Each structure stands twice: as C-alpha cells, then as structure tokens.
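The primary structure of each chain is shown beneath.
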2 protein chains.
Amino acid sequence: MRTKVVIVGGGFAGLNAAKTLGNKKDIDVLLIDRRNYHLFQPLLYQVAMAGLSPAEIAAPIRTLLSKFKNIRVLLGNVENIDLKDRKVFSDVGCFEYDYLLLGCGAKHSYFGNEVWEPLAPGLKTIEQATEIRRRVLMAFERAESEADPQKRKALLTFVVVGGGPTGVELAGAIGEISRFTLSRDFKDIRSSQSRIVLIEAGNRILAGFDEKLSKRATRDLEKLGVQVWTNSRVSSITKEGVCVGDEFLSASTALWAAGVKPSSLNQKLGVSLDSGEKVEVSSDLSVPGHRRVFVMGDQAAAKSIEGQPLPGLAPVAMQAGRHVGRCVLNDLSGKERKDFKYVDKGQMATIGRTKAVLQVGRFKATGYLAWLSWLFVHVYYLIGFKNRLFVLFQWAWSYISYSRGARLILHKEWRSYLNRESK
Amino acid sequence: MRTKVVIVGGGFAGLNAAKTLGNKKDIDVLLIDRRNYHLFQPLLYQVAMAGLSPAEIAAPIRTLLSKFKNIRVLLGNVENIDLKDRKVFSDVGCFEYDYLLLGCGAKHSYFGNEVWEPLAPGLKTIEQATEIRRRVLMAFERAESEADPQKRKALLTFVVVGGGPTGVELAGAIGEISRFTLSRDFKDIRSSQSRIVLIEAGNRILAGFDEKLSKRATRDLEKLGVQVWTNSRVSSITKEGVCVGDEFLSASTALWAAGVKPSSLNQKLGVSLDSGEKVEVSSDLSVPGHRRVFVMGDQAAAKSIEGQPLPGLAPVAMQAGRHVGRCVLNDLSGKERKDFKYVDKGQMATIGRTKAVLQVGRFKATGYLAWLSWLFVHVYYLIGFKNRLFVLFQWAWSYISYSRGARLILHKEWRSYLNRESK
C-alpha cells in the first residue's frame, strides 16, 4: 500500500521536505499552499525597495516540483486539521494522510496592537512588499508637490520599527534611495531633507549577532543618514506619525519589522504551544503524541542539541524540511529516526549597497567583503537557475548605475483605480 | 519672459513632446501624469500573459526626463481645464500655461455596457494586466482541483472579445500557454481540454491589416488551438460565461479588447468632439479656436494628409508629440508651423511564440520573419537601455525553455488578503 504524505506550505521547509520525498517508491505526496509560488523571503526587502521585481524572487511551486511524478501540488487554503482522524480540511477539499508535514511559516505580530497593521505594514508577502514600495515612492512624489515645509518634512520622514535584519535592511535601503537614487530625479527635494529613524526596543540592533557587529551596523546605517534609536518603545502609531515613549515623530510612512508569530493554524491543532504560539516539538521535530505529524520552520519551537531555541532563518527551515523527509523515509524502510541537528550556516544582514555584517559561529565579517559574501550566498540560494542569473544582472546594473529598476507605483486595487478614472 | 508649457500625460505623445522642448531656451515645461511611470503599452499583453514583469516595460517618467533642467514632472490627476483662463486644475494644484499639450490617451469602451467591465477586464494599465494574469492562472489552478467535468470545462474556456492586435495577441498567448507552458506543470489537465475563443464582430480579424494577413493570422491562431469566430456579436457577459448572439459559451474567463474611447477629460474641454469622443483638431494638431492648445495621440481625431483617420498606434503618438513640440518652438522663433504628416511605420501583431503578421505600406510579411522583426522593433523602441537588454534576455530564456518567468498569482489587494489570513 502506498503511503500518503500531505505537506502544508511551500516555503523553504515544505519544499525541501517534498524534494526529499520526490520520486521515492510507494509514496504519494500532496503539497498544499495558499500561493502558487515559492517565495525567496530573504530578498523580499529588495522588492519593497524597488530593486527587484516580484517575479525575480519567486517561482511557481508546480515548476519547482514538476520533475517528481509522485508529487501533486494544489493551490488551496488549509482551514483546519483533525489530528485524531488524520484529515486536512481545505477550501479545495478534504485530504487524508499517513504523514502530515506542516511548514506554514509566520506572519507579523503587533503584540496586541493589530490596529497598527494598516498604518505600519510588515514585510512577509509580495503584496506587502509592493505596498511598502508604493508608500515610500508616493511619499517622495507628494513631497515634490508640497509647499508647506512642515508637511513636506513629515512626508520625508520614514520610521522603521524593529532592529532585526529586516528592519536594518529596510532602513539602510531607504537611506540609500533618498541619498542617491531619487535625489537625481526629484528637483525640489534635497537628500538632506529626508529623515529615517530605526526604532529598537532592546539595547542594540541585530541582537542575534555579536555585539561588535551591532555597533558596526549602527555606524554603517548612520553613514546612510539613518538615526538608530535603541531602548525605544513605540507607544502608538497614527496616520500622522509614531509615538516613541512620549516623543512624537511626525512621519507619513511607518514600517513594521518588530516581531513575528506563527500561522494561526497552530491554535486549531490542539497541541501544546510555547509562549510565542509555536508548536512544541520533540527532538526529531514530530509532535509529542503524534509520531507521524511533523512541524518545521517558523511554525515550530525547535531547539538545538544544546537546548537553545533555533532562530527563524531560511537555513533552519531548509534543514528541517530535509530532516523530516528523511525521518519519513527511515520509518518506511524500518530504520531508526535521527534527532534534528542544525548545522549553523550563519546569518547576515546587508546595509545599503556595499556593506553588510556576517557571522558564522565565531567567524565575523563586515563591510565590503561581508556584502560580497551576502550577494553570492543569496544569489546562489535563489531557487531556479534563471532567477539567479537575472538577479545578478539586475544587481550589477543597479550597482553600476545607482538606479533602481522597479520604481513603479502600482495602485492597490485595479478596481479602485478604474472607479477614480471614470469619475 | 519665459514661456510656460504644460503637458498632460507621459505616454508616447507627451514624452516625445517634452523631449523636443527639453533644455530649450526660455521655456519651462511641466509634465503631469497620474502615474509615476511611462508604460510601453505594445508589450502590456506580455505582462498579462506572465512573460514579462511590469518593471520591464515601464520606466519612471522622472528618470526619463531627468537630464532636462527645464522640465518639472509631477504625479497628479488633472481634474479640469479652463481653456479661456488658460488654467489646468489638478489634485496637486492649479497651473497656468501659455501652451497646453494634451496626450491623455484612451481607455476601454464597453459601448454602453460598462457593467461588463469587472467580468471582462480590458488591457490598458499594469493593474489590469496583472489582474488578467491572475484570472488566467487561477483558472488553471482551480481546474486542477475541480472534479466536476462540466465545471472544469468552463474553467478551461477562455473568451477574448475583439479581433484587433491586442485580442489576437492575448488569444495566441493563452493558446500557447495552455499548450506548452502549463501542460508540463499541471498533472491532471490535458492541453486538449482547454478552449480559447476569439470573438470579432466584423467579418475578419485584424481589420486594419491586408486581407491576406488576416487569413494567415487566423490560420496561425487555429494552430495554437484558438477558435476564431467572426461576424459574432457579444450580447451579454455574466459570471458564468459569454452570450454570443443567442449561443451561450460557458467560460470562467472573459477578456475585453473590443474598443477604446479617449480620456473623459475631453467632455470637460467644451470643444467639438467626433463621434468617438475624440477632439477634432486642425492639420497642425491644435484645437480650432485655441491656437496654443494641442491634442495628440489617442485623445485626438487626427487625420492623414489624404484625410484618412490615423490609427491609435504608438508611432502616431510619438510623431505627434515631436510635431507639436516643434510647432511650439517654431512659434517662439517666429517661424511658420507645419502640418502634421504621419510617416507610416507600419503595424504588426504577434501570434504566439514564433509567428507574427507585419505590414508597412504595401510591404507584408508573415511567420517567423515577421516575428523576428516584431521582436527587434519592440525591443528597440523600449524606453531605456537597461530594459531593452533585460527584455531580450527574458525572451531568449522563454524561447529556449518554453517557460514563463512571471507566473505569480498576486492577490488583488493586500488588505483583503490579510483579512482572509487572520480569520
């Protein structure tokens, strides 16, 4: 009898689990995702900052898995899961499984202030990235035709909340855009008029990195005109600006990069979650009491061999996906499962066009060398040969010309645009 | 005293007029557009058909004109024009002019059935192109998980209304996608299951071309699986399908390429319009009675020297823009204005991956040779060196691999997506 494996989510974890099970004997795999594409999230900020087009960092899941005859891909939204009866309920049907592999990822958390979401969008989806792009470019356009100096100042003030890698990368890119790219095109705006503030609640940015790298990143950001405010907590966000403690920052654009929480599916599983709503998993990434259910990537509270929580990074999810795939294969061939051992691939964050910080175990690098490593690692891991090549061209071009190729302000919704047009 | 020239619209006409007046002595130019980018409309169907990304066929107007010190670019919506007081009213302010150059283009016309618009979107903007892409790709995704053969058939039926170049290009591309690109990725769909119908009210498609070319295009389309219905009139469009005469075509996707009408600004000018709502212009493209107001491109009812109405093609708009710019320069230097003489650059339409029809005066070409000419002319005219290079790479890749690089289904609105997500 064939074994039915259902994978939910085509991110780094799900995709790698699927590939591990691809074309294996007596296994049928069904992968369900709400999107038709796999997204290379580490480069999403480049889409938000008009450096890359969405299609350059995303590829259809079907195409990525088309060579595996035993894998079926469906576009669908998983609404509930019954672990007892081994059933997955989705808007495209109900599916039974022998093995269930969950890799649904995470979304932004506003720590109870979900009303801030429309005012300060996060960066987890392509739609959010193009919305952020629209807001940043529109702020410059509006400033160009604004006569009132106070209003213009607010239009040219950008607040980024959260000093992790995403916040650092967004703030650095806005600094670079306002200094170089846009200053040539906007005749009435001087780059010195724009103000970028990066707000971090902790006592330093890039808390996951070595302290020296935090410091270096702060200096590099300051060179791009970014003000780094640590030990600062956002108390409210309105259309007019951001309150930090009791200080009000008048700003038309606020972006959120401060926290994540896992898929809301976790609440429906009826299993034990940690304080961050992640599923607590055994050392082999299976759910305690459900030996044939695995949770991978940002959705799980996986730990290192030493008992430390693993960070929400792409390499963790990729390794988890491959590990879980091998667990299923071992089960079926009567071998013993192994524990999940994360091999540290390091972490990095880029700051503007030529700077980055990079840390692998005890090894650290900064500046241009780190930036070059960042570039090659990211291009190397981009799924699909074509995309790698294109992104490299795109970057080479941006690097030479200081331009940003994807500076389109697209309307949020084509209908609303049509309505306005026909007025 | 400096002469104030206001240009409304950064399409082919407005952009070329601006360039003609760029860095000329004693002239200040203000160009207003509702979009921050110039769009290369002849390739818009490639964005709709997932072959190109929006940023590859669009470039910021600011960047295109940044070398001209006397040109100011504003993002704004022109709401009214007072030809008597020489004032342009927009949402970013009111502007006086000495010369007014209008190139606001056209939008789709549903001939009084505007309720069909959400059911059968047209192809004039990037938002519409990505919406069409979403609908076509979603139809295949839904068909893959649909068990009912009747419903599946409707999902795989695509109706394109209008047999002009846009309709022919859309129908050909859908035929090609369903035959080659998607058949590899969708395991439960056979390409023979999909049906594409091109509906034309006249007695042949591509009515602006020679009759032989119409015939050849029909044959080429049929080879891609497209059924060409001439002398057929759409009587209604619903969510379930399209009524052609009294025959009902059950189809989940309908696209509109049947007619255009000029910007609704024309109604507010108080000048005489032709039956198609276009502004009637003198032989120098100025408005009778308003010597310093010009209307260019699709917004005007311009005529050839022989008195024939000029078609709504990019070369007509480009030449009109340059002509009007020279008229202004001639006025200021005391020279006489010339009449607008359109130099026929021909017209072409592509059918799928390797076929096209091409006509320049009496010269005609079909098949592979015409397709190659089409490719090089379009890439050559793409604004901006970088885009040309990238689009050529993109096409070379698609050509070799039969793949389409931009197959992303993006949600219409990020908020609606978020709402669904947080349920």
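Residues numbered from 1 in each chain as written. Chains lettered and ligands numbered in written order. Predicted model: local features only at pLDDT ≥ 70, side-chain atom pairs only at ≥ 80, totals over all residues. Heavy atoms only, no water.

### Describing the overall build of chain A
Next up, step 1: Summing up its helical and strand segments, chain A has 11 helices and 25 strands in all.
Next up, step 2: For chain A, whose C-alpha radius of gyration is 22 Å, the value lies close to the compact-globule estimate of 22 Å for 423 residues.
Next up, step 3: With 423 residues in all, chain A has 58% of them scored as buried.
Next up, step 4: Nonlocal contacts in chain A, meaning residues at least 24 apart in sequence, comprise 65% of its contacts between residues at least 6 apart.
Next up, step 5: Of the roughly 17800 Å² of accessible surface on chain A, 51% is carried by carbon and sulfur atoms.
Next up, step 6: For chain A, the centre of its 61 positive side-chain charges and the centre of its 42 negative side-chain charges are spaced 5 Å apart. (Helix = DSSP H or I, 4+ residues; strand = E, 2+ residues; numbered from the N terminus. Rg over C-alpha atoms; globule rule 2.2 N^0.38 Å. Buried < 20%, exposed > 50% of the residue type's maximum accessible area, 1.4 Å probe, protein only. Contact = heavy atoms within 4.5 Å. Areas by Shrake-Rupley, 256 points an atom, 1.4 Å probe, with all protein chains shown as cover. Lys, Arg positive; Asp, Glu negative; His and termini not counted. Charge placed at Lys NZ, Arg CZ, Asp CG, Glu CD.)

### Considering the packing of aromatic side chains
Aromatic rings in a pair are described by how distant their centres are and how their planes are angled relative to each other.
Next up, step 1: In the structure shown here, the tally under the stated rule is 14 aromatic pairs over all chains.
Next up, step 2: On the numbers, 5.4 Å between centres and 25 degrees between planes, the contact of A:Phe140 with A:Phe158 is stacked. Taken together, the residues A:Phe140 in helix H4 (residues 126–144) and A:Phe158 in strand E11 (residues 157–161) connect sequence positions 18 residues apart. This pair shows no difference in class: A:Phe140 is buried, exactly as A:Phe158 is.
Next up, step 3: Consider the rings of B:Tyr368 and B:Trp371, whose centres lie 5.9 Å apart with planes at 25 degrees: the pair is stacked. One end of the pair, B:Tyr368, and the other, B:Trp371, are both in helix H9 (residues 367–381), three residues apart, so they sit about a helical turn from each other. (Phe/Tyr/Trp six-rings, centres within 6.5 Å; stacked < 30°, edge-to-face > 60°.)

### Overview of the pattern of salt bridges
Next up, step 1: Summed over all chains, the structure comprises 30 salt bridges over all chains.
Next up, step 2: A salt bridge links A:Glu131 to A:Arg134, with the nearest nitrogen and oxygen atoms 3.3 Å apart. Note that A:Glu131 and A:Arg134 are positioned in helix H4 at a spacing of three residues, about one turn of the helix.
Next up, step 3: Notably, a salt bridge pairs B:Asp331 with B:Arg291, separated by 3.8 Å at the nearest N-O pair. Residue B:Asp331 is found in helix H8 (residues 314–332), and its partner B:Arg291 is found in strand E20 (residues 290–295); the two are separated by 40 residues along the sequence.
Next up, step 4: By sharing partners, the salt bridges in this structure join A:Asp284, A:Arg291, A:Asp331 and A:Arg337 into a single network. (Salt bridge = Lys/Arg side-chain N within 4 Å of Asp/Glu carboxyl O.)

### Looking at the nonpolar core
Next up, step 1: Ranked by size, the top nonpolar core spans 120 residues in total, and within it A:Val5, A:Met49, A:Leu65, A:Ile81, A:Leu100, A:Leu101 and A:Trp374 carry the most contacts.
Next up, step 2: A per-element tally of this core places helix H8 (residues 314–332) of chain A first, with nine residues.
Next up, step 3: Each residue touching A:Leu100, except ones within four places of it in the same chain, is listed here: A:Val6, A:Val8, A:Ile81, A:Leu83, A:Val88, A:Arg292, A:Val293 and A:Phe294.
Next up, step 4: With 119 residues, the next largest nonpolar core counts B:Leu31, B:Leu156, B:Phe209 and B:Val228 among its residues. (Core = buried A, V, L, I, M, F, W, Y, C linked by side-chain atoms within 4.5 Å.)

### Some words on the packing of helix H1 (residues 12–21) of chain B against H8(B)
All names here are of chain B.
Next up, step 1: Contact geometry of H1 with H8 gives a least axis separation of 7 Å together with a crossing angle of 35 degrees. For the element pair H1 and H8, the recorded crossing hand is right-handed. Along its contact with H1, which presents Phe12, Ala13, Asn16, Ala17, Thr20 and Leu21, the element H8 presents Ala314, Ala317, Met318, Gly321, Arg322, Gly325, Arg326, Val328 and Leu329. (Axes fitted to C-alpha atoms, helices over the stretch in contact; angles between N-to-C directions. Left-handed = near helix turned anticlockwise from the far one by under 90°.)

### Looking at the pairing of strand E23 (residues 363–366) of chain B
It is a general feature of regular strands that their side chains alternate between the two faces of the sheet.
Residues and elements named next belong to chain B.
Next up, step 1: Note: strand E22 (residues 355–360) against E23, four bridges, orientation antiparallel. If you follow valine 360 over to E23, its bridge partner there is phenylalanine 363.
Next up, step 2: Counting the residues in the hairpin turn of E22 and E23 gives two residues, including glycine 361, whose phi is positive at 60 degrees. (Pairing = 2+ DSSP bridges.)

### Quick word on the sheet that holds strand E2 (residues 27–33) of chain A
Residue and element names in this part refer to chain A.
Next up, step 1: If you trace the six strands from one edge of the open sheet to the other, you get E5-E2-E1-E9-E21-E20, paired in mixed fashion. The two strands at the open ends of the sheet, each matched to only one other strand, are strand E5 (71–75) and strand E20 (286–287).
Next up, step 2: The strands that H8 touches are strand E1 (3–8), E2, strand E9 (99–102) and strand E21 (290–295); relative to E9, the one it contacts most, it runs at about 170 degrees.

### Notes on helix H6 (residues 165–185) of chain B
Next up, step 1: Between its terminal C-alpha atoms H6(B) stretches 29 Å, which fits the 30 Å expected from 21 residues at 1.5 Å a residue.
Next up, step 2: Taking burial as the measure, the 21 residues of H6(B) include 15 buried ones, the bulk of the element. (Expected span 1.5 Å × (residues − 1).)

### Quick word on the sheet that holds strand E17 (residues 253–256) of chain B
Residues and elements named next belong to chain B.
Next up, step 1: If you walk across this open sheet you meet the four strands as E13-E12-E11-E17, and the pairing is parallel. In the strand order of this sheet, the two ends are held by strand E13 (226–229) and E17, each with one partner. Averaged over all neighbouring strand pairs, the angle between strand axes comes to 20 degrees, with direction disregarded.
Next up, step 2: The pairing of strand E11 (residues 157–161) with E17 spans four bridges and is parallel.

### Quick notes on the side chain of A:Glu56
Next up, step 1: Considering the arrangement of structural elements, one finds A:Glu56 in the loop between helix H2 (44–48) and strand E4 (58–60).
Next up, step 2: Here A:Ser53 takes part through its backbone nitrogen, which lies 2.8 Å from a polar atom of the side chain of A:Glu56. (Polar contact = N/O pair within 3.5 Å; in protein donor to acceptor, adjacent residues only side chain to side chain.)

### Considering the environment of A:Leu52
Next up, step 1: Residue placement: A:Leu52 occurs in the loop between H2 and E4.
Next up, step 2: With 329 residues separating them along the chain, A:Leu52 and A:Tyr381 place their C-alpha atoms 16 Å apart.

### What about H4(A)?
Next up, step 1: The first and last C-alpha atoms of H4(A) sit 27 Å apart over 19 residues, in line with the 27 Å expected at 1.5 Å per residue.
Next up, step 2: Counting buried positions along H4(A) gives 17 out of 19 residues, so the element sits mostly inside the fold.

### Observations regarding unusual backbone geometry
Residue and element names in this part refer to chain B.
Next up, step 1: The phi angle at alanine 50 is positive, at roughly 65 degrees, despite the residue not being glycine.
Next up, step 2: Assignment of secondary structure puts alanine 50 in the loop between helix H2 (44–48) and strand E4 (58–60).
Next up, step 3: Even without being glycine, leucine 206 reaches a positive phi, approximately 50 degrees.
Next up, step 4: Tracing the backbone through its elements, the reader meets leucine 206 in the loop between strand E12 (195–199) and helix H7 (211–223).

### A short note on a positive patch on the surface
All names here are of chain A.
Next up, step 1: A cluster of basic residues, Arg322, Arg326, Lys335, Lys338, Lys341 and Lys345, forms a positive patch on the protein surface.
Next up, step 2: Tracing the backbone shows lysine 345 in the loop between H8 and strand E23 (347–351).
Next up, step 3: Given the relative accessible area of 46%, lysine 345 is considered partly exposed. (Patch = residues over 30% accessible without salt bridge, like charges linked within 9 Å, V, L, I, M, F, W, Y side chains within 5 Å.)

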